[in-house]
Amino acid sequence: MRLFAAVLPPPDAIRELTSVVRGLEGLPGARGLRWTERPSWHFTLAFYGEVAEDVVPDLSERLARAVRRTPPFPLALAGGGHFGSRTLWVGALGDLRTMRLLADRAESAARRAGLEMGEHRDYRPHLTLARGVGRADLRPYATALKAFSGQEWTVGELTLVRSLLPRSGTPGEQPRYETVERWGLGTGAP
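Residues numbered from 1 in each chain as written. Predicted model: local features only at pLDDT ≥ 70, side-chain atom pairs only at ≥ 80, totals over all residues. Heavy atoms only, no water.

## Regarding the packing of aromatic side chains
Phase 1 of the analysis: Under the counting rule described, the total for this entry stands at three aromatic pairs.
Phase 2 of the analysis: Ring geometry for F4 against Y177: centres 5.3 Å apart, planes inclined by 90°, an arrangement best described as edge-to-face. A residue pair is termed long-range when its members are at least 10 positions apart, and F4 in strand β1 (residues 2–7) and Y177 in strand β9 (residues 176–184) qualify at 173 residues.
Phase 3 of the analysis: Centre to centre, the rings of W35 and Y141 are 6.1 Å apart; their planes meet at 75°, and the pair counts as edge-to-face. (Phe/Tyr/Trp six-rings, centres within 6.5 Å; stacked < 30°, edge-to-face > 60°. Helix = DSSP H or I, 4+ residues; strand = E, 2+ residues; numbered from the N terminus.)

Here it is in structure tokens:
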């Protein structure tokens, strides 16, 4: 299974962001971008790649322990930016220190479960909105996102998500995501 650990924004935050993205989709050149679908919006905390089914129970148990030690925290969608000409994203404000701690714990849980995680990188919270095609200029979209600041909510759970890659070969088809398991933050001692 292709898995990742994520924080999923609540419906109200998705509605706010949808309103902003509709404006971005009206900018010149927007049709040349591959916009992500609203149901797939998430903050990836740790990407695990292909995980053997017999490893998932151990990974799940380790994630559950990590989540119990992490308190709920405030977060809001805010601002935005781009990674070169490849990815347009919206950022986050709030208790990013705890969000980074949760990301580190999600990665550590995978390492302890025997997954190869590659080189550790500092976590940078971002939610992907669109992908550039070719040498897309994403700067106007990132500039338009700078003033965006959504309503704060409390992150109360971590979600283990399965990514089902497209198989039809249809241009623009996107992966589908399925929740494998959810854990409430701060629900007890390790």
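More follows now that the structure is in view.
## Observations concerning the nonpolar core
Phase 1 of the analysis: W35, F43, Y48, L88 and L129 are the most contacted members of the largest nonpolar core, which has 55 residues in total.
Phase 2 of the analysis: Ranked by residue count, the leading element in this core is helix α3 (residues 96–112), at seven residues. (Core = buried A, V, L, I, M, F, W, Y, C linked by side-chain atoms within 4.5 Å. Buried < 20%, exposed > 50% of the residue type's maximum accessible area, 1.4 Å probe, protein only.)

## Concerning the layout of surface pockets
Phase 1 of the analysis: Put simply, the largest pocket is a space of about 1,200 Å³.
Phase 2 of the analysis: As for the largest pocket, its lining consists of 36 residues, and the residues nearest its centre are T44, F47, H126, T128 and R131.
Phase 3 of the analysis: If you list the elements that add at least two residues to the lining of the largest pocket, you get β1, β2 (34–35), β3 (43–50), α3 and β6 (127–131).
Phase 4 of the analysis: When the residues that make up the lining of the largest pocket are grouped by side-chain class, the tally is 14 nonpolar, eleven polar and eleven charged. (1 Å grid on protein atoms, 1.4 Å probe; cavity = no way out; pocket = protein on both sides within 12 Å on 5 of 7 lines; lining within 4 Å. Points joined across faces, edges and corners; volume = space filled by probe spheres on them. Nonpolar A, V, L, I, M, F, W, Y, C, P; charged D, E, K, R; others polar.)

## Points about α3
Phase 1 of the analysis: Between its first and last C-alpha, α3 extends 24 Å over 17 residues, near the 24 Å set by a 1.5 Å rise per residue.
Phase 2 of the analysis: Listing the buried residues of α3 in full gives L96, T98, M99, L102, A103, R105, A106, E107, A109 and A110.
Phase 3 of the analysis: G114 sits one or two residues past α3 and shows a positive phi near 95°. (Expected span 1.5 Å × (residues − 1).)

## With respect to the packing of helix α2 (residues 56–68) against α3
Phase 1 of the analysis: Where α2 meets α3, the axes come as close as 9 Å, and the angle between the chain directions of the two elements is 150°. Looking at the two axes, α2 sits roughly antiparallel to α3. When you trace α2 past α3, the crossing you get is right-handed. From α2, D58, L59, R62, L63, A66 and V67 reach across to α3, where they touch L102, R105, A106, A109, A110 and R112.
Phase 2 of the analysis: Of the residues that constitute the contact of α2 with α3, the class distribution is eight nonpolar, no polar and four charged. (Axes fitted to C-alpha atoms, helices over the stretch in contact; angles between N-to-C directions. Parallel < 35°, antiparallel > 145°, perpendicular 65-115°, else oblique. Left-handed = near helix turned anticlockwise from the far one by under 90°. Contact = heavy atoms within 4.5 Å.)

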